[in-house]
Amino acid sequence: MSLMIKRSLLFYALLFFFSTGFSQAPSPEAFLGYPLGKHFTPHDKIVAYFKEVARTASGQMKLEQYGTTYEGRPLLLAYIASPENLRRLEEIRVNNLKLAGVTHEKTAGDESGPVIVWLSYNVHGNEPSSSEAAMKTLYTLVDPSESRSATWLKNTVVIIDPCINPDGRDRYVNWFNDVADSQPNPDPQSREHREPWPRGRTNHYNFDLNRDWAWQTQTETRQRLKKYNSWLPQVHVDYHEQGYNNPYYFAPAAEPYHDVITPWQREFQVMIGKNNARYFDRNGWLYFTKQEFDLFYPSYGDTYPIYNGAIGMTFEQGGISAGLAVQTADGDTLTLTDRLEHHFTTGISTIEVASQNAGRLIKEFHNYFVDAAAHPGGDYKAYFLRNDSFGDRLERLKAFLDRNMIEWVPVSSGSFTGTDYETGKAASFRAGAGDIVINANQPKSNLLRVLFERQSHISDSVTYDITAWSVPLVYGVQAYGLAAYVPGATGGGGGAAGAGGVSAGPGTRMIPDTAYGYAVRWTGIRSVRFLTAILQKGIKVRYAERSFQSGGVSFGSGTLLITTTGNGRASELWATITKEAEKTGVVPEPIASGFVEKGADLGSDLVHLVHKPRIAMLTGEEVSSLDAGEVWHLFEQEIGYPVTLINADEINRIQWKNFDVVILPNGNYRTLEEKNNADLIRNWVREGGRLIAMENAVAQLSKMELGIRLKGEGADKKEEEKDRKDNIYSDLHRYGNRQRDEIANSVPGSIYKVELDNSHPLAFGYPDHYYTLKQDDNVYEFLKDGGWNVGVIRKDNYVSGFTGNKAKEKLKDGLVFGVQDMGRGKIVYLADDPLFRSFWENGKLLFCNAVFLVGQ
Ligand SMILES: [Zn+2]
């Protein structure tokens, strides 16, 4: 740099300083009018404080709104850096991506830094102390009297997300401020410590945003991850609270660790933990490490950053339901002030230790990605994914890869041999139109490996969450693991290289509006979106119960048929259909005549009119909020169809005849234990209602003598007891193994193959099988008279994930998806959750079949 440029830069720096330097950011107390910890700060005031700091300390902090929540609240990122670094923030960001090797230009990144520390607060809305701590942390970093801050910021950029989940936070805070006594009441029995359903933990649709990082099904996550992946920090902390009787938890995390986690990532967790411990020891605060919070499931705020090259961590303060003050089990009073002080301390300690080790952190970060691209671990060098020729499963999977910056390339010719994901055995196959390959030699290979492995590599079996999520099985996409890279499809940069890939399906055809009718294949969520759109436009639509052939073209069962008869003027009909087809991505195909070459004619009684269903879902205290949220989200955000939410304890007050379909999400329905209510439902079904029961709701219906029975209740149970008598020593359990013994019965979430009767509408659009996420050991006896066993697990259908020994014994030869005919109505049993966290993509169509096709 020439002297002249230096001088002029100095001039501008001085000018900048004098134009902003006189005003100084106010402390949170000065701005809010109360000391932090005295009240819960509503989200809009947190936003106002961050804006005020951005205005008054513009040389040190830059504020960006990166999105909006479902309820319209702003999502913010604050960038805090030295004035010099703040001015070249974009350059720092791009350099960091170069270090990770994920930019288009392949120039090497500069290892001289600065290091990037990202602090995420309040992902769970009712763990609210951390957003208070965020304000204090921000203020400390920009306060000129804090000389240590200025030192750290010389080589550190701090990114603060003050509140990941504003809707959930305000749900908690507004409720608390509404019911709290004028002085905090520390008695745990007081109502201010008893938060009502659905509680503030989750976002608007009751989703746990700390399970959504990889899948990005929610608008908050999707917008945040775009930013996160455009920065890729070296250090990420996700702030939480746990039960208020627990001491503080920080890194290092508990086993199991996924085995892609590098020695450096383990080592630096320990360094951070030790630095935190130094402050906690000095203050005499209790804490624990290495227990409870493991690093395995890839969609947390600690694991996702880890699988993306960062030191990712969860910090947990005791505090859920603690209000402003609560008496703890050991007789102390825990206050909001205590809680936010602890979170503030670990934040500052983390920034400090990152700054002290900036050089090593950046070097190791760079190595992580170089190594990931050059020597990808795992069972396969490449993953071959088959196009589902008329469906949208691969389309959706490609969008998922793009969101995570995992590169893929189209491959439409050549012969390959690889491990078939479905059988686990070697198979040979030829590539076809629309197929893709993901080579593992790319910067994101660790994330890719974790998401795609057929068997999860787990270092211990006691974990906090599901243990299987193999993406091809989740999406229902046929996949092969290859032992070699596919040439021409190189990794190593390019970001979302897949954009502009080949689209699925038969391609757009010119369609004459003189046809007898149009067919739309029933192959995925886009078919459902098309159906819901035209139903709401009042268009009459039918579906074919059997496959058929028309004009030499074959169509599968479930195909939607729209005829000109009964649908008004042909040209208008065609215009509407074209418009909705474009919006939803389906391709309508002309049908020349009602007379078909194979299968049933369009006027046959094997072609059913789809009556536009009026749908209700039970919700409220008796229902699992997460599961109700999945259904609600599907209707509103994925398929755009109205659903009426009804409180389960009011079912004797509603007009049942106003609804065609009623959904019982997973829950514990006390309401069904009352005979009158049970009779009400039974009668409504007999008169033509369609009841969809999910997970535990099925178990509850099995007690109502409707024809479905849980397996293992009768004879099996006796046998189990006999076994125990035969081996009296089996009752001797070692105390130290108690946690491990418990898991013999557990199914934390593993994958099983379900064999489908796809001639039943519940399984239309599927091959003869489906991969289900088993989260309990419930299977049902096969249905008899008037019952259809649509989805069953036979013996040896286990595929992947952890299942306890005893549970494994139970999970065979039973029903998981079934339909019971009853009078003029139906009951659909979905014993497993086909909508799990909205990321179990291949289950969504099954659920929509239950809603729109079954019983029509
Ligand atoms: Zn939490």
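Our structure's up above, just so we're on the same page.
All of the points below concern the structure found in this document. (Residues numbered from 1 in each chain as written. Predicted model: local features only at pLDDT ≥ 70, side-chain atom pairs only at ≥ 80, totals over all residues. Heavy atoms only, no water.)

### A look at the overall build of the protein
Along the backbone of the protein there are 25 helices and 35 strands. Taking 29 Å as the expected radius of gyration for a compact globule of 856 residues, we find that the protein reaches 29 Å, a close match to that expectation. With respect to the principal axes defined by its C-alpha atoms, the protein has extents near 85 × 65 × 60 Å. Counting across all 856 residues of the protein, residues that qualify as buried make up 58%. Residue pairs in contact within the protein that sit at least 24 positions apart in sequence constitute 79% of those at least 6 positions apart. Once the 91 positive and 103 negative side-chain charges of the protein are each reduced to a mean point, those two points are 3 Å apart. (Helix = DSSP H or I, 4+ residues; strand = E, 2+ residues; numbered from the N terminus. Rg over C-alpha atoms; globule rule 2.2 N^0.38 Å. Buried < 20%, exposed > 50% of the residue type's maximum accessible area, 1.4 Å probe, protein only. Contact = heavy atoms within 4.5 Å. Lys, Arg positive; Asp, Glu negative; His and termini not counted. Charge placed at Lys NZ, Arg CZ, Asp CG, Glu CD.)

### Looking at the coordination of the zinc ion
Note on the zinc ion: its protein donors are His124 (ND1), Glu127 (OE), Glu127 (OE) and His240 (ND1). The metal-donor distances range over 2.0 to 2.5 Å. Each of the four donor atoms around the zinc ion contributes to a set of angles spanning 56 to 160 degrees, which defines the coordination as irregular. Mapped onto the sequence, the residues coordinating the zinc ion show the spacing H-x2-E-x112-H. Of this pair, His124 sits in the loop between β3 (115-120) and α6 (129-142) while His240 sits in strand β5 (residues 235-243), placing them 116 residues apart in sequence. One exposure class covers both His124 and His240, and it is buried. (Donors = N, O, S within 2.8 Å, 3.2 Å for Na, K, Ca; no water. Tetrahedral: all angles 85-135°; square planar, octahedral: opposite > 155°, others 65-115°.)

### Quick notes on the packing of helix α7 (residues 147-155) against helix α12 (residues 336-356)
At a minimum axis distance of 9 Å, the contact between α7 and α12 shows a crossing angle of 50 degrees. Taken together, the axes of α7 and α12 are oblique relative to one another. Both α7 and α12 take part in a crossing whose hand is left-handed. For the pair α7 and α12, contact is made by Arg148, Thr151, Trp152 and Asn155 and by Ile348, Ile351, Glu352 and Ser355, respectively. (Axes fitted to C-alpha atoms, helices over the stretch in contact; angles between N-to-C directions. Parallel < 35°, antiparallel > 145°, perpendicular 65-115°, else oblique. Left-handed = near helix turned anticlockwise from the far one by under 90°.)

### What to know about the environment of Gly689
Within the element layout of this structure, Gly689 appears in the loop between α20 (675-686) and β29 (690-694). Each C-alpha atom of the pair Gly689 and Gly825 lies 4.9 Å from the other, and the pair is 136 residues apart in sequence.

### Overview of the packing of aromatic side chains
Between two aromatic rings, the relevant description is the distance of the centres plus the angle of the planes. Under the counting rule described, the total for this entry stands at 52 aromatic pairs. Ring geometry for Tyr172 versus Phe176: centroids 6.1 Å apart, planes at 25 degrees, classification stacked. On the criterion of helical spacing, the pair formed by Tyr172 and Phe176 is a turn pair, its members being four residues apart in helix α8 (residues 166-179). Residue Tyr172 is classed as buried on the basis of its relative accessible area of 2%. On the basis of relative accessible area, Phe176 is assigned to the buried category, the value being 1%. (Phe/Tyr/Trp six-rings, centres within 6.5 Å; stacked < 30°, edge-to-face > 60°.)

### Some words on the pattern of salt bridges
All told, the structure shown has 40 salt bridges when counted by the stated rule. Between Arg396 and Glu638 there is a salt bridge; the shortest N-O distance is 2.8 Å. With a gap of 242 residues between them, Arg396 in helix α14 (residues 393-403) and Glu638 in helix α19 (residues 625-639) connect regions that are remote in the sequence. Look at Glu638 and you get buried, because its relative accessible area is 14%. Put simply, Glu127, Arg201, Asp208, Arg211, Asp465 and Arg837 are held in one network by salt bridges that share partners. (Salt bridge = Lys/Arg side-chain N within 4 Å of Asp/Glu carboxyl O.)

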